[in-house]
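Notes for the structure review
Spelled out from the first residue to the last, the chains are:
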Amino acid sequence: MAVSAAAAPAAEPLPRSIFKKFLVMLCSLLMSLYVFYCLADRCQTLPGPIIAAGAASEEDEGGGGEFLGGSAELPPWQAAAARRKRLLQRLKQRRRRQEAAPGAEVPAGGGGSRAGGSGGGGGSAGTAGTLALLLGEGSKRLPQAIIIGVKKGGTRALLEFLRVHPDVRAVGAEPHFFDRNYERGLAWYRDLMPRTLEGQITMEKTPSYFVTKEAPARISSMSKGTKLIVVVRDPVTRAISDYTQTLSKKPDIPTFESLTFKNRTTGLIDTSWSAIQIGIYAKHLENWLLYFPIGQILFVSGERMISDPAGELGRVQDFLGLKRIITDKHFYFNKTKGFPCLKKAEGSSKPHCLGKTKGRTHPDIDQEVVQRLRDFYRPFNMKFYQMTGQDFGWD
Ligand SMILES: Nc1ncnc2c1ncn2[C@@H]1O[C@H](COP(=O)(O)OS(=O)(=O)O)[C@@H](OP(=O)(O)O)[C@H]1O
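Let me begin by describing the structure that accompanies this report. None of these values were measured; they are calculated from a predicted model. (Residues numbered from 1 in each chain as written. Predicted model: local features only at pLDDT ≥ 70, side-chain atom pairs only at ≥ 80, totals over all residues. Heavy atoms only, no water.)

Attention now goes to the overall build of the chain. Within the chain, the regular secondary structure consists of 14 helices and eleven strands. Put simply, the chain has 395 residues, and 50% of those count as buried. In the structure as shown, the chain presents an accessible area of about 18,800 Å², 58% of it carried by carbon and sulfur atoms. (Helix = DSSP H or I, 4+ residues; strand = E, 2+ residues; numbered from the N terminus. Buried < 20%, exposed > 50% of the residue type's maximum accessible area, 1.4 Å probe, protein only. Areas by Shrake-Rupley, 256 points an atom, 1.4 Å probe, with all protein chains shown as cover.)

So this is what it looks like as structure tokens:
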């Protein structure tokens, strides 16, 4: 009895220390699980970890491919969540500013890219992809597909919608590499690109390429296999849209009617005015066909991008060899905006329409001038339908 009474207190600390160790291990395990859970994008309402694009844009200096910000005072998992939240906000702000700036005029410099899909079917693939990108996998590649035009055709809408696809990663801003920045070299260009994993497509859009004489040869020398996408729109409406954009920046410019004509009395159209020139699609296309087979160029209808975005996106996904993930389930028609919008914005669960500079009200143009322009473009449009094998219904 005496022996056992003496032995009992000596034995007590042992189970307690084991218990403590067990508790510490359990806590560590739970913490690790929670951190992993957050990294896998499940601990917040935020839809996905975001990685800054290759090069910092004018709005987001220092973003280059790293997580932004830091919260030294917070526990690591909260700091990670806070960083993600801040980064998401900055990317959203940057995107809004890019859209608010007159699209085609935005200078080069990277812009946002995102990892992961929003909305619809690509969710889990997107999350796996984002996690891999988050862990530093993937590499910057030159684009395999480029939206080369046309200015005011609906190029921003196409890129924004395509980015919903988990296998598409794109530069947000327009790099203008093959027109304004070519002397900077391919390494500079590649560095603007977001990281991609095997099987993902890198994309960019710069609508001025379509009318840049040197662009086809330059893109072909980068890669003959580059897939090209052109969003075309009725050249008359396109010209008015182009004019509306310039007018918003320079309210003192002459009227559309006076800029249209070299001589209003004779009715001679001023084809040197870029707003008119860009719409002569057949002429610009001839230049591209010197370097690319027609089958390597996809022509997207700017009008159908508005009336049936899912239909056009279906064609684009096929052309890019992507699974048809973006469908009509991703879109809704916003009556206030008067345009189709995404049900889920990238990086959030909220609906997303393009910015104020997309879908502007056009000034009223003298119908006689409009008719004169229709007559002017008709033969060029016919030629363009013939070359592409598609009737865009502008005439
Ligand atoms: N979903 C949606 N929301 C808003 N706007 C849309 C959409 N789809 C196509 N569009 C049309 O896109 C036109 C702008 O074309 P771009 O994005 O190519 O312009 S830019 O060249 O990048 O400046 C823009 O031209 P405007 O209407 O003249 O503003 C729109 O008509």
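Additional details are given in the paragraphs that follow.
As a volume, the largest pocket reaches approximately 480 Å³. Around the largest pocket, the lining is made up of 30 residues, and of these G154, R233, F339, K358 and G359 lie nearest the centre. Sorting the residues of the lining of the largest pocket by element identifies helix 5 (155-162), helix 8 (235-249), helix 12 (302-307) and strand 11 (339-342) as the ones contributing at least two each. Looking at the lining of the largest pocket residue by residue, the classes come out as nine nonpolar, eleven polar and ten charged. (1 Å grid on protein atoms, 1.4 Å probe; cavity = no way out; pocket = protein on both sides within 12 Å on 5 of 7 lines; lining within 4 Å. Points joined across faces, edges and corners; volume = space filled by probe spheres on them. Nonpolar A, V, L, I, M, F, W, Y, C, P; charged D, E, K, R; others polar.)

Counted according to the given criterion, the structure contains one disulfide. In this model C341 forms its disulfide with C353; the gap between the sulfur atoms is 2.0 Å. Taking the torsion about the sulfur-sulfur bond, which here is approximately 100 degrees, the covalent link between C341 and C353 counts as right-handed. Highlighted residues: C341 in strand 11 and C353 in the loop between strand 11 and helix 14 (367-388), separated in sequence by twelve residues. (Disulfide = S-S within 2.5 Å.)

For the structure shown, the criterion picks out 15 salt bridges. Between D242 and K151 there is a salt bridge whose closest N-O contact spans 2.9 Å. Linking D242 in helix 8 with K151 in the loop between strand 2 (145-149) and helix 5, this pair joins segments that are 91 residues apart in sequence. Across the pair D395 and R378 runs a salt bridge, and its minimum N-O distance is 3.9 Å. With D395 in the segment after helix 14 and R378 in helix 14, the pair connects residues that are 17 residues apart, well separated along the chain. (Salt bridge = Lys/Arg side-chain N within 4 Å of Asp/Glu carboxyl O.)

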